[in-house]
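# Notes for the structure review
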Amino acid sequence: MKRKMTEQQEFEIMKIVLDKFLWLGFGVMAFGSYLMISSGDIFDGIYYIIAGIIVLVLFMIILVREYEVLK
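Because the structure is predicted, anything quoted here is derived from the model rather than measured.

Here we take up the pattern of salt bridges. With the rule as written, the count across this model stands at 2 salt bridges. One salt bridge in this structure joins Glu12 and Lys15, with 3.4 Å as the shortest N-O distance. Of this pair, Glu12 and Lys15 are both found in helix α1 (residues 7-39), 3 residues apart, which corresponds to roughly one turn of the helix. Residue Glu12 is classed as partly exposed on the basis of its relative accessible area of 33%. With relative accessibility at 38%, the residue Lys15 sits in the partly exposed group. Where Asp19 meets Lys20, a salt bridge forms, and the shortest distance between an N and an O atom there is 3.8 Å. Judged by its relative accessible area of 51%, Lys20 is exposed.

Right, dumping it as structure tokens:
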């Protein structure tokens, strides 16, 4: 038998997942910034920064699609 979750429980789980995606995106972007600073070449870390931006934008799209605000 499957248990049903309330909207509050579902939202709490989504907040936990949100935290992990934000840390992942920030970590990738921070690593890219570190590579740019340590090597002195902008293009060494730019791919990591773009990858971090893509992770954050994808999560934003998923979040907006899942929790649409109904007016």
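All right, on to the packing of α1 against helix α2 (residues 42-66) then. Here α1 crosses α2 at 165°, and the two axes come no closer than 6 Å. In this view, α1 runs roughly antiparallel relative to α2, as classed from their interaxial angle. Note that α1 runs across α2; the crossing there is left-handed. Residues of the contact of α1 with α2, tallied by class, amount to 21 nonpolar, 6 polar and 3 charged.

The rules behind the values
- Numbers given to residues run from 1 along each chain, matching the order in which its sequence is written.
- Reporting of local features is limited, given that this is a predicted model, to residues whose pLDDT is at least 70; pairs of side-chain atoms are given and counted only at 80 or more, and all residues count toward the totals for whole chains, interfaces and linings.
- Note that the side-chain values use all heavy atoms of the structure and ignore hydrogens as well as water.
- By salt bridge we mean one thing: a side-chain nitrogen of Lys or Arg within 4 Å of a carboxyl oxygen of Asp or Glu.
- Only DSSP runs of H or I with at least four residues qualify as helices, and only runs of E with at least two residues qualify as strands; both kinds are numbered from the N terminus onward.
- Buried means the residue's accessible area, taken with a 1.4 Å probe over protein chains only, is under 20% of the maximum for its type, while exposed means over 50%, and partly exposed covers the values in between.
- A fitted line through C-alpha atoms represents every axis, and for helices the fit uses only the stretch in contact; the resulting angles, taken between N-to-C directions, go from 0 to 180 degrees.
- When an angle is under 35 degrees it counts as roughly parallel; over 145 it counts as roughly antiparallel; between 65 and 115 it counts as roughly perpendicular; any other value is oblique.
- Crossing handedness is defined as follows: a turn of the near helix away from the far one that is anticlockwise and smaller than a right angle gives a left-handed crossing, while the clockwise case is right-handed.
- Three residue categories are used. Nonpolar comprises Ala, Val, Leu, Ile, Met, Phe, Trp, Tyr, Cys and Pro, charged comprises Asp, Glu, Lys and Arg, and polar comprises the others, including Gly.

Function cannot be inferred from these measures alone, as they are strictly geometric.
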